[in-house]
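Residues per chain, in single letters:
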Amino acid sequence: MRLAFKAVGHSFLGRTVLDGVSFTLAPAETVAIVGPSGCGKSTLLGIAAGLIEPLRGRVRREYARHAAVFQEPRLLPWRTARDNIAYGLELRGAGRRERHEVAARLARAVSLAAEDLDKYPVELSGGMRQRVAFARALAIDPEVVYFDEPFTALDVGLRRTLQDLVVDSARGRGFASLFVTHDLLEAVRIAHRVLVLAHRGGRIAGERAPPGLPGGRDERLVWETTERWRTEDALFAHVFDAEERDERRAA
Amino acid sequence: MGALGAALGALGRYLWSGWAGATGLFCVAAAWQAGHEAYGTFILPAPLDTLRALAGLAGSPAFHAVALDTALRALAGFAVAAGCGSLLGVVAGYSFSAIRVLQPILTLILGVPPIAWIVLALIWFGASGGTVVATIVIAAVPIAFAGAVEGVATRDRTLEAMAQAFGAGALRRFRTVVVPHLVAHLFPAWTTTLGTAFKVAVMAELLANAGGVGGALARARANLDVAEAMAWVVLVVAMLLAVEYGVLHPVRAALERWRDAGVPWGVKR
């Protein structure tokens, strides 16, 4: 067990965003949290990552290091890609040589060109920035990684590539991850288990496990599972409705 | 080698940009010359005559002491004002209630004309360098303070949350996330603080009869030596320009090199 939530609840200015949330995260397990926008997904992740102190319940962490990847890359604009990747290492007091070595190695792992390491975030494309942000998370060799809708702003092809990157890294490095997303397809592709947050009330409405293991599911299985859940499973009805509303608004 | 090359390149670009600055200064000199030709030597001596007067002054033994006096007072006042103002501003920037409490105090301080402070400082410190420095500090602190408050208040909280998620404590967050952002707000404020320091220094010296360039200006006025008065003014402006473009701007350019990276290719600096 890496992380355990026990009856965690939180409110902002008296409005309940999370209530009685309990779950565990096993080592090397990827748990996706889906739910419509505004259901408290990000708050849940903030509590898990220690950014928000919950008002109720208990959070148990059994690991030494965690890292986070956010919806926006959140790179320090005054640092080159190399120094951004090494940021977590620097906080841990790693020397310059080690930082540069690790940055170079991880840049290769996330398919960043060596010459991009000397560029500042403004000089990188959106996808490359998110790669840097992911490399920054991997750099501290975390036992748990928190993802807060990291690929929402990217186009479909790039999203696929980076999802594969997450799945491969999680398998290769053995970190556990909590992955917040409102994209059910993404959740089915990358996760061992999918937790569904209710539209209102901040409770976990239910849990599903897609067949097979992340990385071992082919496109067809991912697609069919997603469609089946969407159309036949009442648990996902409200997520799907909310998503559809979003899409209609965007259109 | 690459870093050295980049630094040399930046230095070269900075020096080359001096031509543009020189253009501005020469435009001022041309307007000055035109004024001289329209109104005559007594009202407005020619720029060249002023420079000659300045060269004459520079030859006199007391000149260096006088110029050094004013420069040191202005720089001391600037250092204290920029240091205290920025420090207070950073502390206040983190607390909305502190901003609310300090804002009216600053308005009050800014509302009192510097001349009134000079009179008060004269009573407190007498006709000495202390009066000059104290007046500079009081006149210039609010500017640095406002810059620092603005810088801290507009910091990127999402970056702070990121740093916290990676285990950065409050001090580390301040150093790695807030300070680089703060610099962008502090330097313009410091430039204004510096300008204020020199202006107030000369004014305070003149009114407090505390020697320095202000004292020399008072003497030139008493002798109706307009060329000499102008020469002293030119000297103060030259000192200000030297500190601003010799120290403040290069430091800022070095700290903010990352901003250049975002400028699209072909944009003239």
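Given the structure is predicted, the values throughout are model-derived calculations rather than measurements.

Participant: Report on the overall build of chain B, specifying residues and quantitative values.
Facilitator: Of the regular secondary structure elements, chain B holds twelve helices and zero strands. When the helices and strands of chain B are listed from N to C terminus, the series reads α-α-α-α-α-α-α-α-α-α-α-α. Taken along the three principal axes of its C-alpha coordinates, chain B extends 70 × 50 × 35 Å. Here chain B holds 269 residues, and 38% of them are scored as buried. Pairs at least 24 apart in sequence give 75% of the contacts found in chain B among residues at least 6 apart. Entry remark: accessible area of chain B is about 14,300 Å², with carbon and sulfur atoms responsible for 73%. Of note, chain B has its 17 positive side-chain charges centred 11 Å away from the centre of its 12 negative side-chain charges.

Participant: So what about helix H6 (residues 156-173) of chain A? Which residues, and what values?
Facilitator: All names here are of chain A. In this model H6 runs 25 Å from its N-terminal to its C-terminal C-alpha over 18 residues, within 8% of the 26 Å that 1.5 Å per residue would give. Among all positions of H6, only Leu-162, Gln-163, Leu-165, Val-166, Val-167, Ser-169 and Ala-170 are buried. Here the buried face of H6 lies against strand S3 (30-34), helix H4 (96-109), helix H5 (126-139), strand S6 (144-148), strand S7 (176-181) and helix H7 (184-190). Near the N-terminus of H6, the side chain that reaches the backbone nitrogen of Gly-157, with its oxygen 3.2 Å away, is that of Asp-155.

Participant: Can you lay out the interface of chain A and chain B for me, pointing to particular residues and giving the numbers?
Facilitator: Counting residues at the interface gives 23 residues for chain A and 19 residues for chain B. Counting each side, the surface lost to burial between chain A and chain B is near 1,900 Å², with a carbon and sulfur contribution of 69%. Looking only at chain A, the three residues that lose the most surface to chain B are A:Arg74, A:Trp78 and A:Leu91, adding up to 34% of its buried area. The tally of links from chain A across to chain B stands at zero salt bridges. The tally of links between chain A and chain B comes to six residue pairs in polar contact (both at pLDDT 80 or more). Of all the secondary structure elements, the ones that give two or more residues to the side of chain A that touches chain B are strand S5 (66-69), helix H3 (87-91) and H5 of chain A. With four residues, the top contributor of residues to the side of chain A that touches chain B is H3(A). Among the residues forming the side of chain A that touches chain B, the class breakdown is 14 nonpolar, three polar and six charged.

Participant: Explain H4(A) residue by residue, including any values.
Facilitator: Because an α-helix completes one turn every 3.6 residues, residues spaced three or four positions apart along the sequence face the same direction. All names here are of chain A. With 14 residues, H4 extends 20 Å from end C-alpha to end C-alpha; this agrees with the ideal 20 Å at 1.5 Å per step. Along H4, the positions that sit buried rather than exposed are Arg-99, Val-102, Ala-103, Leu-106 and Ala-107. The buried residues of H4 occupy one face: seen down the axis, they fall within an arc of 135°. Seen from the open side of H4, the exposed residues pointing more than 90 degrees away from its buried face are Arg-97, Glu-101 and Arg-108. The inward-facing, buried residues of H4 abut helix H2 (81-85), H3, H5 and H6.

Participant: Talk me through the domain arrangement of chain A; I want residue IDs and the actual numbers.
Facilitator: Residues and elements named next belong to chain A. Per the domain assignment, the segments making up chain A are domain 1 (3-64 + 143-250) and domain 2 (76-142). Between the C-alpha centres of domain 1 and domain 2 the distance comes to 26 Å. If you look at the interface, domain 1 gives 15 residues, while domain 2 gives twelve residues. When the two sides are added together, the surface that domain 1 and domain 2 hide from each other amounts to roughly 1,100 Å², 68% of it contributed by carbon and sulfur. Its largest share of buried area at the contact with domain 2, domain 1 owes to Leu-162, Leu-165 and Arg-173, together 41% of the area lost on that side. Connecting domain 1 to domain 2 are zero salt bridges. Taken together, the links from domain 1 to domain 2 amount to one residue pair in polar contact (both at pLDDT 80 or more). Among the elements that line the side of domain 1 that touches domain 2, the one with the most residues is H6, at seven residues. Each residue belonging to the side of domain 1 that touches domain 2 can be placed in one class, and the counts come to eleven nonpolar, two polar and two charged.

Calculation notes
- Here the residue numbering is sequential within each chain, running from 1 through the sequence in written order.
- Going through the entries in the order they are written, you letter the chains from A and number the ligands from 1.
- Owing to the predicted nature of the model, reporting of local features is limited to residues with pLDDT of at least 70; listing and counting of side-chain atom pairs is limited to 80 or more, with chain, interface and lining totals taken over all residues.
- Here the side-chain values reflect all heavy atoms present in the structure, with hydrogen atoms and water set aside.
- Helix and strand labels come from DSSP, where a helix needs a run of H or I of at least four residues and a strand needs a run of E of at least two; each type is numbered from the N terminus.
- Burial classes: relative accessible area under 20% of the type maximum marks a residue as buried, over 50% as exposed, and values in between as partly exposed (1.4 Å probe, protein chains only).
- By the convention used here, residues are in contact when the closest approach between their heavy atoms is within 4.5 Å.
- To measure how exposed things are, a 1.4 Å probe is used in the Shrake-Rupley method; for residues, cover is taken only from the protein chains shown.
- Positive residues here are Lys and Arg, negative ones are Asp and Glu, while His and the chain termini are left out of the count.
- Lys charges are placed at NZ, Arg charges at CZ, Asp charges at CG and Glu charges at CD.
- Any helix carries an expected span of 1.5 Å times its number of residues minus one.
- Polar contacts, as counted here, are pairs of nitrogen or oxygen atoms within 3.5 Å of one another; within protein the pair requires one atom able to donate a hydrogen and one able to accept it, and residues that are adjacent in sequence qualify only if both atoms are side-chain atoms.
- Here the buried area means the combined drop in accessible surface, using a 1.4 Å probe, for two parts upon being joined, counting both sides.
- One speaks of a salt bridge when a side-chain nitrogen belonging to Lys or Arg is within 4 Å of a carboxyl oxygen belonging to Asp or Glu.
- Basically, the charged four are Asp, Glu, Lys and Arg, the nonpolar ten are Ala, Val, Leu, Ile, Met, Phe, Trp, Tyr, Cys and Pro, and anything else, Gly included, counts as polar.
- This arc describes the spread of directions from the helix axis toward the C-beta atoms.
- Boundary definitions for the domains trace back to an automatic or database domain assignment.

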